[in-house]
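# Remarks on the overall topology
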Amino acid sequence: MPRLMRAMVIDRFGGPEVLRLAEVPVPEPGPGEVLIRVSHAGVNPADWKCREGWLAPFFEYRFPFVLGFDLAGVVVKAGEGSTGVAPGDRVLAYSKQGQGEWGSYAEYVRASVDGVVHLPPDLGEAEAAAIPTAGITAWEGVFEAGRLGAGQKVLVHGGAGGAGGVGSYAIQLARHAGAEVAATCGPANQDYVRDLGAALAIDYRDGDIGAKLAQWAPQGVDLILDAVGCGSLPRAPEMVRRGDIIAAIATLVADEAPHDAASAAQRDVHIVPTMGNYARSGAQLRQLVALFGKGGLRSPPLSILPLREAAEAHRRVQSGHVRGKIVLRVSGAEA
Ligand SMILES: NC(=O)c1ccc[n+]([C@@H]2O[C@H](COP(=O)([O-])OP(=O)(O)OC[C@H]3O[C@@H](n4cnc5c(N)ncnc54)[C@H](OP(=O)(O)O)[C@@H]3O)[C@@H](O)[C@H]2O)c1
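In this convention, every chain numbers its residues from 1, walking through the sequence in written order. The model is predicted, so local features are restricted to residues of pLDDT at least 70 and side-chain atom pairs to those at 80 or more, both for listing and for counting; the totals for chains, interfaces and linings are taken over all residues.

### Brief notes about the domain arrangement of the protein chain
- Either an automatic procedure or a domain database provided the assignment from which the domain bounds are taken. One can read the domain layout of the protein chain as domain 1 (4-130 + 299-329) and domain 2 (134-274).
- Computed over C-alpha atoms, the centres of domain 1 and domain 2 are 28 Å apart.
- Listed by partner, the interface residues are 15 residues for domain 1 and twelve residues for domain 2.
- Numbered from the N terminus, helices here are DSSP runs of H or I no shorter than four residues, and strands are runs of E no shorter than two. Mapped onto the side of domain 1 that touches domain 2, the elements with two or more residues apiece are helix H1 (45-51), helix H10 (310-318) and strand S16 (325-329). C-beta atoms are first placed from the backbone for all residues, and any pair lying within 7 Å is then listed as a contact.

Structure follows, in C-alpha cells:
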C-alpha cells in the first residue's frame, strides 16, 4: 500500500482554478470503516458549492481539503470490526465529505461500512459513481419528504437534472412507485424526460407552467419535487392539491427565494426542506442499486473526464444546464 496518493485538493475557497493535483497521505480506516481504492468519482453541483465554501455551516474545512461525495471502487483494507465487506469487493459509497472528512477526488477514501454497497456484476464503476448524491436526494424527495405512492401525480421541477441528476432519478423513482409524472426542463430535454417516464414535459422557458400543469392535474398534483429552487417556481403552492407537499431540495444558495409560505398555509400545503441524509444513505443506496439490477433505473448519460480535469468538470456543472453526468476517472493510466 503506498503511503501517499494523488488527490485533487483545495487550499482555499475560490473558483475552479483553486483545484490542485497533489500528493497527500493515504487515510487509515478506523473501526467500522473500510479503505476503498477509488475507480471513479461522481461530480455534483454540491462539489463546486463546497469548493466555494458554501458548506462551511455544516462542517469545519481543514486544508488541504479533498472534495467529492460520490465514488465507486474496490475495497483494499477493512478497519477493526468492519463486517460484511472485504478487500477485493467492488463497491459504491457516499463519502464522509459532508462530515468534513476527505472526499472521493482521491485514489483512496475511507468510508463507513454502513454506507458501502456491493456492486452487482453488471453495474460498472463509472455508472455506479453517478448514483449516490443524486440518487439519495431524489429518494429523500420522492419517498421521505414526498410520501409519494401509486396513482398519485408529481411534478419534478428540474426533471432533466443531468450534471448532478436529482431530477432524472426522481422521475424514474416516482414511476417505479406507480405515480404519474410531469417534469419541467429546457427545450432540448423534452424527449429525454419523456423517455425517463414523464407523461408531460413542460418547457420552463416557454409560458405558464401552472396553466399547463392544471390541464394535466386539475385538482393540483400530490407532490412537487423542486430540484431547481431560487424562486424559479413562484406559484408552486397553487399547483399542489390542498393538504399536499412541496419537497424543496436545499440548494444552499445564500439568498434563495423561499416558496410563498402564506399561500402554502392558506391551502394547507406543506413545504418540506429536503436534503441527502447521511444516516439513511446506506439503506437508500442498497435499494437504488437493486433497482439498477432489475433494469428499472438508469443513470443520466455519462461524460467521463480524468481526475486532472476536475476544474473543467466543475466549470461545466456550474453552468447549470449540462446533460450528461460528469464522472471523474480517478485510478488508471489516463486519470
Ligand atoms: N442539499 C442536498 O442534499 C442536495 C443534494 C443534491 C442536489 N442538491 C441541489 O439540487 C439542485 C439540483 O441538483 P442536480 O444535481 O439535479 O442539478 P443538475 O443536474 O445541474 O440539474 C439542474 C437542472 O435544472 C434545470 N433547470 C435550470 N433552471 C431551471 C428552471 N428555471 N426551471 C426548471 N428547470 C431548470 C436544468 O434543466 P435544463 O438543462 O433542461 O435547462 C438542469 O437539468 C442543485 O442546486 C443542487 O446543489 C442539493
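### Concerning the environment of Ala283
- Among the secondary structure elements, Ala283 is positioned in helix H9 (residues 278-293).
- Taking the C-alpha atoms as reference points, Ala283 and Asp114, separated by 169 residues in sequence, lie 8.2 Å from one another.

### Observations regarding the environment of Ile209
- Inspection of the secondary structure puts Ile209 in helix H6 (residues 209-216).
- Sequence-wise, Ile209 and Arg235 are 26 residues apart; in three dimensions their C-alpha atoms are separated by 9.2 Å.
- The contact partners of Ile209, leaving out residues within four places of it in the chain, are Thr184, Ile202, Tyr204 and Leu233.

### Structural notes on the packing of helix H3 (residues 132-145) against H9
- Two elements in contact, H3 and H9, have axes separated by 10 Å at closest approach and are oriented at 100°. Viewed along their axes, H3 and H9 adopt a mutual orientation that is roughly perpendicular. Contacts from Pro132, Gly135, Ile136 and Trp139 in H3 reach Ser281, Gln284, Leu285 and Leu288 in H9.
- The residue inventory of the contact of H3 with H9, partitioned by class, reads five nonpolar, three polar and no charged. In this analysis, axes come from line fits to C-alpha atoms, helices being fitted only over the stretch in contact, and the angle between any two N-to-C directions falls in the range 0 to 180 degrees. Put simply, angles under 35 degrees are roughly parallel, angles over 145 are roughly antiparallel, angles from 65 to 115 are roughly perpendicular, and the rest are oblique. Note that Gly is not counted as nonpolar here; it falls among the polar residues with everything else outside the nonpolar set of Ala, Val, Leu, Ile, Met, Phe, Trp, Tyr, Cys and Pro and the charged set of Asp, Glu, Lys and Arg.

### A look at the sheet that holds strand S2 (residues 20-25)
- Only when DSSP finds a minimum of two bridges between them are two strands counted as paired. Strand order in the open sheet formed by three strands is S2-S1-S4, with antiparallel pairing between adjacent strands. The open sheet has two edge strands, S2 and strand S4 (65-66), and neither has a second partner.

### Comments concerning the site of the ligand
- Whether a residue is near a molecule or strand depends on its C-beta atom, placed from the backbone, lying within 6 Å of it. Taken together, 31 residues form the shell around the ligand, and within it Gly161, Gly164, Val166, Gly186 and Met275 come nearest.
- For the shell around the ligand, the element with the highest residue contribution is H3, accounting for three residues.
- Grouping the constituent residues of the shell around the ligand by class yields 13 nonpolar, 18 polar and no charged.
- Both domains that meet at the shell around the ligand, namely domain 1 (4-130 + 299-329) and domain 2 (134-274), each give it at least three residues.

### Quick word on the nonpolar core
- To define a nonpolar core, we join buried Ala, Val, Leu, Ile, Met, Phe, Trp, Tyr and Cys residues through C-beta atoms within 7 Å and take the resulting set. Comment: burial labels come from other C-beta atoms within 10 Å of the residue's own C-beta, placed from the backbone, where a count of 20 or more is buried, 12 or fewer is exposed, and between is partly exposed. Grouped together as the largest cluster of nonpolar side chains are 102 residues, with contacts concentrated most on Ile36, Leu92 and Ala170.
- Of the domains in this structure, domain 1 (4-130 + 299-329) and domain 2 (134-274) are the two that each give at least three residues to this core.

### Brief notes about helix H4 (residues 166-176)
- Of all eleven residues making up H4, nine are buried, and the element is well covered by its neighbours.
- Looking at H4, one finds that the buried residues are Val166, Gly167, Ser168, Tyr169, Ala170, Ile171, Gln172, Leu173 and Ala174.
- Residues of H4 that are buried sit in contact with H3, strand S9 (153-157), strand S10 (180-185), helix H5 (190-196), strand S12 (221-226) and strand S13 (240-249).
- Remark: Gly178 follows H4 within two positions and exhibits a positive phi of approximately 90°.

### A closer look at the sheet that holds S10
- An order of S11-S10-S9-S12-S13-S14 is seen for the six strands of this open sheet, with the pairing classed as parallel. Two strands bound the open sheet, and with one partner strand each, they are strand S11 (200-203) and strand S14 (270-274). Sheet twist, expressed as the mean angle between neighbouring strand axes with direction ignored, is 20°.
- As defined by bridge partners, S12 adjoins S13 across five bridges and the pair is classed as parallel. By the bridge assignment, Leu223 is partnered in S13 with Ile245.
- H6 rests against S9, S10, S11 and S12 of the sheet, and its axis sits at about 165° to S11.

### A look at the environment of Arg51
- Note on placement: Arg51 falls in helix H1.
- The class for Arg51 is buried, based on 24 C-beta atoms found within 10 Å.
- Each C-alpha atom of the pair Arg51 and Phe13 lies 5.6 Å from the other, and the pair is 38 residues apart in sequence.
- With residues near it in sequence (within four places) discarded, Arg51 still touches Ile10, Phe13, Val18, Leu19, Leu67 and His314.

### As for the pairing of S14
- Relative to S14, S13 runs parallel, the two being bridged by five bridges. Paired with Ile249 across the strands is Thr274, a residue of S14.
- The crossover handedness rule: strands pointing away from the viewer, path from first strand over the helix to second strand clockwise, crossover right-handed. Where the polypeptide runs from S13 across helix H8 (residues 261-266) and back to S14, its parallel neighbour, the crossover connection is right-handed.

### Side note on the pairing of S9
- With five of five residues buried, S9 lies mostly within the body of the structure.
- Judged by which residues are buried, S9 turns out to be covered on both faces: Lys153, Leu155 and His157 on one side and Val154 and Val156 on the other are all buried.
- When S9 meets S12, the two strands line up parallel, connected through four bridges. Each bridged residue has a counterpart across the sheet, and for Leu155 the counterpart in S12 is Ile224.

### Some thoughts on unusual backbone geometry
- With an omega of -5°, the peptide bond between Phe63 and Pro64 qualifies as cis.
- Along the polypeptide, Pro64 turns up in the loop between H1 and S4.
- Residues other than glycine seldom take positive phi values, yet Arg147 does so here, at roughly 50°.
- Within the secondary structure, Arg147 is located in the loop between H3 and S9.
- Phi is positive for Cys230, close to 60°, though the residue is something other than glycine.
- Position of Cys230 relative to the elements: it lies in the loop between S12 and helix H7 (236-239).
- The class for Cys230 is exposed, based on 12 C-beta atoms found within 10 Å.

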